[in-house]
Amino acid sequence: MIAPQLEPTVIKSGDNVIIRMPSLNAKIVSLNPSKMVSLGKFGSFNASELIGKTFGHTYEIEKGGSIVPHITAGFDNADISEANNKEIVDNPKSQKLTFQEIEHLKQMSLSGDVSAREIIASLTENNESFDKKTEFSKSKYILRKQRKFMKSFVPLETSVYNLCSYFFEFNPGKIRGIRADTLSQILSLANVYSNARILAVDDGQGMIIGALLSRMATGGQLLGIHDGDSSNYDVIRYMNLAADARDRLQALSWSKLYHTVEPFTEQLAEDASADDKFGRERRMRGHAKLSDSLDNLRRGEFDALVISTNYNPKSVIERLVPYLGGSRMLVVYDQSKDALLETFTWLRQSPEFLNVQLTESWLREYQVLPNRTHPLMNTSGGGGFILSAIHLAPVDKPSTSSS
């Protein structure tokens, strides 16, 4: 039986897209068909040119702002012989082009008069040691020059994995240093599924909240507890979530956790202005949202409690665990093991929790090529720590009265 093939995801107008440049830098852009997207020295292109294209392909920017598909150089055709580069001496004089000539080519490339391919071809033709290299070394040399001169980019979908990887690389503090593999473990441990009811505390600007929403694809409810009057789930705005998926998220401030909701009784004068009427409608909608969130919280029996907080995790668990159902998962993330040790000891001693575990995420990427498989030299120092436990349902004490 042949497995069904997934249709490629097509870029639409208004989508948020991660643009990965040849230098491996990246930026998030919102595609407005009437605007240009600037990539600095790598050029600019019309956003309308990208609409209708598929994610993951490499596109080259041409003069005038148009884009065309581009095939990147790889190592598929590199030799796997015993040849080596031991006879090659690293000498700057092997390049016949002078510094001034190379700079002139760069300036012509910026104006669009010379393509990146022509520059790379000139550099290789005028490099005396290029022909002495192995095919693998030639491919690496061309790839380095492409990253420097090629006016190309790769549009990536703002999926949970891509967004988490993007922020972990360029702004880890925003998401409290959570790495993609750690996030996947949190989703797995919390047993998040469609139509589940999840209670979450996410002080990482919505990275975990967004991942939970993405996992609850066809239904369910997600209640986020936050500081301040309004939630700061900034990461979610980059995700191309459907309106019904966003509607599954409710937010409740810590200050309203024990709030008593009174009926909405505000009345306006007969001569109230349009602004006054608009303000009343806004306050009435806010009152209804608060009432719904509190009703959802006090109904309890949530299927999971997921926490990533700047507060003491123990104090957060003590407040929210009464709303967690029996035989359901508690999952706590933190960048530091020390922040979780007190909570770990407390959970181990508590009769309310079972299978308490404190684990560290560790990841290392490998280059996988024939006869050249090895771990990459650079890797992240850590992906954080996860504390997990099963919450036991409270058991009613047997009656002591005589029959």
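Predicted, not measured: the structure shown is a model, and the values here were computed from it. (Residues numbered from 1 in each chain as written. Predicted model: local features only at pLDDT ≥ 70, side-chain atom pairs only at ≥ 80, totals over all residues. Heavy atoms only, no water.)

## Some thoughts on the overall build of the protein
Broken down by element type, the protein carries 11 helices and 16 strands. Counted over contacts in the protein with a minimum sequence separation of 6, partners at least 24 positions apart contribute 69%. As displayed, the protein offers around 23,000 Å² of accessible surface, 50% of which is attributable to carbon and sulfur atoms. (Helix = DSSP H or I, 4+ residues; strand = E, 2+ residues; numbered from the N terminus. Contact = heavy atoms within 4.5 Å. Areas by Shrake-Rupley, 256 points an atom, 1.4 Å probe, with all protein chains shown as cover.)

## Section: the packing of aromatic side chains
Considering all chains together, one arrives at 6 aromatic pairs under this definition. Judged by centre distance (6.1 Å) and plane angle (35°), the rings of Tyr59 and Phe153 are tilted. Remark: Phe153 occurs in strand β7 (residues 152–157) and Tyr59 occurs in strand β5 (residues 59–61); sequence separation between them is 94 residues. Comparing Tyr59 with Phe153 shows no difference in burial state: the two are buried. (Phe/Tyr/Trp six-rings, centres within 6.5 Å; stacked < 30°, edge-to-face > 60°. Buried < 20%, exposed > 50% of the residue type's maximum accessible area, 1.4 Å probe, protein only.)

## Concerning the pattern of salt bridges
Following the criterion strictly, the structure yields 9 salt bridges and no others. Each member of the salt-bridge network shares a partner with another, and the members are Lys174, Asp234 and Arg237. (Salt bridge = Lys/Arg side-chain N within 4 Å of Asp/Glu carboxyl O.)

## Looking at helix α7 (residues 207–215)
Note on helix geometry: an α-helix contains 3.6 residues per turn, so any two residues three or four positions apart are oriented the same way. Burial analysis of α7 places 7 of its 9 residues in the buried class, which makes it a mostly covered element. Within α7 the residues assigned to the buried category are Met207, Ile208, Ile209, Gly210, Ala211, Leu212 and Leu213.

## Brief notes about the layout of surface pockets
Reported here for the second largest pocket is a volume of approximately 560 Å³. If you trace the second largest pocket, you find 18 residues lining it, with His226, Ala251, Leu252, Lys289 and Ser293 closest to the centre. Taken together, the elements giving at least two residues each to the lining of the second largest pocket come down to β10 (249–253) and α9 (274–299). (1 Å grid on protein atoms, 1.4 Å probe; cavity = no way out; pocket = protein on both sides within 12 Å on 5 of 7 lines; lining within 4 Å. Points joined across faces, edges and corners; volume = space filled by probe spheres on them.)

## Here's the deal with the packing of helix α6 (residues 180–190) against α7
Between α6 and α7, the least distance of the axes is 11 Å, while the angle of their chain directions is 55°. Accordingly, the angle class assigned to the pair α6 and α7 is oblique. By crossing handedness, the relation of α6 to α7 is classed as right-handed. Counted together, Leu183, Ile186 and Leu187 of α6 and Met207, Ile208, Ala211, Leu212 and Arg215 of α7 form the full contact between these two elements. The class makeup of the residues in the contact of α6 with α7 is 7 nonpolar, no polar and 1 charged. (Axes fitted to C-alpha atoms, helices over the stretch in contact; angles between N-to-C directions. Parallel < 35°, antiparallel > 145°, perpendicular 65-115°, else oblique. Left-handed = near helix turned anticlockwise from the far one by under 90°. Nonpolar A, V, L, I, M, F, W, Y, C, P; charged D, E, K, R; others polar.)

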